[in-house]
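Chain residues, written in single-letter form:
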Amino acid sequence: MNDSSAETDNEAKLKEALAESQQRELEFSALLEASRTILEHRDFPQAARRIFDSCKNLTGATAGYVALLNEEGNENLVLFLDAGGRTCTVDPSLPMPVRGLRGEAYGEPGTVYENSFSSSPWIKFMPEGHVRLDNVLFAPLLIGGKAVGVMGIANKPGGFTERDARIATAFGDIAALSLSNNWTLDEFAKSETKVKKLNEELGRHAADVEEVNKELEAFAYSVSHDLRTPLRAIDGFSRILLEDYENKLDDEGKRLLNVVRDNTDRMAHLIDDILHFSRVGRTGMSLSEIDMEGVARAVIGELEPLVAGRKLHINLGKLPNVQGDRAMMHQVFENLLTNAIKFTGKNDEAHIEIGGKVEADKAVYYVKDDGAGFDMQYADRLFGVFQRLHSAEEFEGTGIGLAITKRIILRHGGTIRAEGEVGKGATFYFSIPVTQTEVVC
Amino acid sequence: MNNISQVVEILLVEDNATDAELAMRTLKKNNLANNLVWVKDGAEALDFLFARGEYAGRSDCAPPRLVLLDLRLPKVDGMEVLRVIKDDARTQAIPVVVLTSSQEDRDVAESYKLGVNSYISKPVEFDAFARTVAELGMYWLLYNHPPVTGK
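Residues numbered from 1 in each chain as written. Chains lettered and ligands numbered in written order. Predicted model: local features only at pLDDT ≥ 70, side-chain atom pairs only at ≥ 80, totals over all residues. Heavy atoms only, no water.

K.L.:
How should the overall build of chain A be read in this particular structure?
P.N.:
Along its length, chain A carries eight helices and 13 strands. For chain A, buried positions account for 39% of its 441 residues. A separation of at least 24 residues holds for 67% of the contacts in chain A among residues at least 6 apart in sequence. Of the roughly 25,200 Å² of accessible surface on chain A, a fraction of 54% belongs to carbon and sulfur atoms. (Helix = DSSP H or I, 4+ residues; strand = E, 2+ residues; numbered from the N terminus. Buried < 20%, exposed > 50% of the residue type's maximum accessible area, 1.4 Å probe, protein only. Contact = heavy atoms within 4.5 Å. Areas by Shrake-Rupley, 256 points an atom, 1.4 Å probe, with all protein chains shown as cover.)

Okay, structure coming up:
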């Protein structure tokens, strides 16, 4: 008697377990299918509809809807509505404020349900003509823990269970995933459009710069040709005057004419310097690893004739290599060393020192002399175009050398400065990043 | 212009009167300007070399021994004159020295590409200018062996 009742007992338990297992199987399949839906349907309302239908069928509900929260977070925007065969005269496009049981789902946030809807406090929120609700369940759509919408199902014969809540939560999560995916794709598309627009703008700017460069080149060309010709005439005819009328001119007359010639000479140098300066800013740079010590040594060799007969000691230390335009660096050393040699010209004995070292990601060099020096008060004028701190009588020059040097250093993304003391000497420091990134300056 | 049928040694193509005067003065001082013709634009230079227009009477004359050519010219540009001279079998062998204010790389490159014999930048300073003109005049007229002309 015990045996047979135990057997039916076991049989019942087995049947129950089997039914449970089959039910679980159904749930898993439905959830997996919902996942695939996200990949197959990029359009969220479409995906949401399928997910909703699946959830509705699985739980046994007969009606429901999916809605998203508006930006302010106080209203629902209904994506679609399924009245389940019952009449509903409420216009789904009207604003649906967050309140009632739905509000609870948002507030937690978490899935909530009510099986005796008509006797619940929530009934009073129902507008005229709304579908008659026996029971209702809300599963919020959560992204990052925040509710962005809700899936509601209703009117399940027999009422909702905890299991239904679990299932609806899972489907709600999948729907939220679909939405999140869509938003990401939208953001991405927006970024791409922005990048494309910026690239176009950049292209236009580059074209503008190219245009300006061409104009500058034409300008420089015109300057070089059109200014030099009259200068030649002034110089030439003064000379002819001196030659042909030699015996008709007294010493003063000759001196006056020579002043004219000296000035045309000076102007010719100025024109050359202006063109040189303008070219330095415009020519392309060809980058390579530069043996700075070698360049300095070469420049010292080239400037030998300038120091013939003078007591001048040049001390060249070890210089770190750097990436840059070799010809331009040659110019830098040429300018700085020519200056050092020039401004120590009045010394009995002169000393020039060149050194350098690496500091972090920069190579720092210096050229130091013990010549005439300069007043630190006017240090910021040193690198100006045609700015001079000494008169032409003291030391010749047009004042373009340092401006050109500074231009070159700037184009390499570096800095240059000077320290000096009148009568004691001057030191010029310049630093350049050891490697060049694509700098256009 | 005069010199319709005389022997011409130097054809000076220069639109600027002061540059022309300075050049001719220098050449004269060095006895190189006895048979010099000065034209002021590219069209006249070509008329002269090809015995056209007012120079039609030169069709039987030997070509000049040297053409001094400025680049910036009215009517026909200096570079164009150079191109025509070096393109035509009749004039291709005539030594052409470009004498110009321009130091621009592209002018130098273009001139040599067209077959110029020499490219000289006019110095601004007169002494240097005079020396340059005198030396190049002597080089091309006295030292240099002229091309053998068919005539």
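What follows continues from the structure just given.
K.L.:
Got a minute to help me understand empty space enclosed by the protein in this structure?
P.N.:
To find the voids left in a structure, one rolls a probe of water-molecule size over its atoms. Residue and element names in this part refer to chain B. Overall, the coordinates contain one cavity of 30 Å³ or more when judged by the stated rule. Counting residues per element, the ones that place at least two in the lining of the largest cavity are strand 1 (10–13), helix 1 (17–29) and strand 3 (66–69). A class-by-class count of the residues in the lining of the largest cavity yields seven nonpolar, no polar and four charged. (1 Å grid on protein atoms, 1.4 Å probe; cavity = no way out; pocket = protein on both sides within 12 Å on 5 of 7 lines; lining within 4 Å. Points joined across faces, edges and corners; volume = space filled by probe spheres on them. Nonpolar A, V, L, I, M, F, W, Y, C, P; charged D, E, K, R; others polar.)

K.L.:
Explain the interface of chain B and chain A to me, please; I cannot follow it from the model alone.
P.N.:
Interface extent is often summarised as the accessible area lost during association of the parts. Counting residues at the interface gives 22 residues for chain B, matched by 20 residues for chain A. The junction of chain B with chain A conceals about 2,000 Å² of combined surface from both sides, 52% of it contributed by carbon and sulfur atoms. Broken down residue by residue, the surface that chain B buries against chain A is led by B:Arg25, B:Ser101 and B:Val124, which jointly contribute 31%. Inspection of the region where chain B meets chain A yields seven salt bridges. Residues B:Arg25 and A:Asp244 are paired through a salt bridge, measuring 2.7 Å at the closest nitrogen-oxygen approach. Across the contact surface, chain B and chain A share nine residue pairs in polar contact (both at pLDDT 80 or more). Tallying contributions element by element places helix 1 of chain B first for the side of chain B that touches chain A, with six residues. (Buried area = accessible area lost by both parts, 1.4 Å probe. Salt bridge = Lys/Arg side-chain N within 4 Å of Asp/Glu carboxyl O. Polar contact = N/O pair within 3.5 Å; in protein donor to acceptor, adjacent residues only side chain to side chain.)

K.L.:
Help me out: how do you make sense of the environment of B:Val116 in this one?
P.N.:
Residue and element names in this part refer to chain B. Along the chain, the position of Val116 falls in the loop between helix 4 (105–114) and strand 5 (118–121). Residues Val116 and Leu82, 34 residues apart in the sequence, show an inter-C-alpha distance of 7.2 Å. Apart from the residues within four sequence positions on either side, Val116 is in contact with Leu82, Val96, Val98 and Ser111.

K.L.:
Is there a simple way to explain the pairing of strand 2 (residues 36–39) of chain B in this structure?
P.N.:
Side chains on a regular strand alternate between the two faces of the sheet. Residues and elements named next belong to chain B. Of the two faces of strand 2, the one holding Leu36 and Trp38 and the one holding Val37 and Val39 are both buried throughout. In this structure, strand 1 lies alongside strand 2, joined through four bridges in parallel fashion. Note on strand 2: the bridge partner recorded for Leu12 is Trp38. Where the polypeptide runs from strand 1 across helix 1 and back to strand 2, its parallel neighbour, the crossover connection is right-handed. (Pairing = 2+ DSSP bridges. Right-handed = clockwise from strand over helix to strand, strands pointing away.)

K.L.:
Would you explain the pattern of salt bridges in this entry?
P.N.:
Once their charged atoms are close, side chains differing in charge can pair, the charge on each being opposite to the other. Across all of its chains, the model carries 38 salt bridges over all chains by this definition. Where A:Glu293 meets A:Arg297, a salt bridge forms, and the shortest distance between an N and an O atom there is 2.9 Å. Of the two residues, A:Glu293 and A:Arg297 are both situated in helix 6 (residues 292–302); the distance of four residues between them amounts to about one turn of the helix. A salt bridge links B:Asp107 to B:Arg72; the nearest nitrogen and oxygen atoms lie 3.7 Å apart. One end of the pair, B:Asp107, is in helix 4; the other, B:Arg72, is in the loop between strand 3 and helix 3 (78–87), and 35 residues separate them in sequence. The class for B:Asp107 is buried, based on a relative accessible area of 5%.

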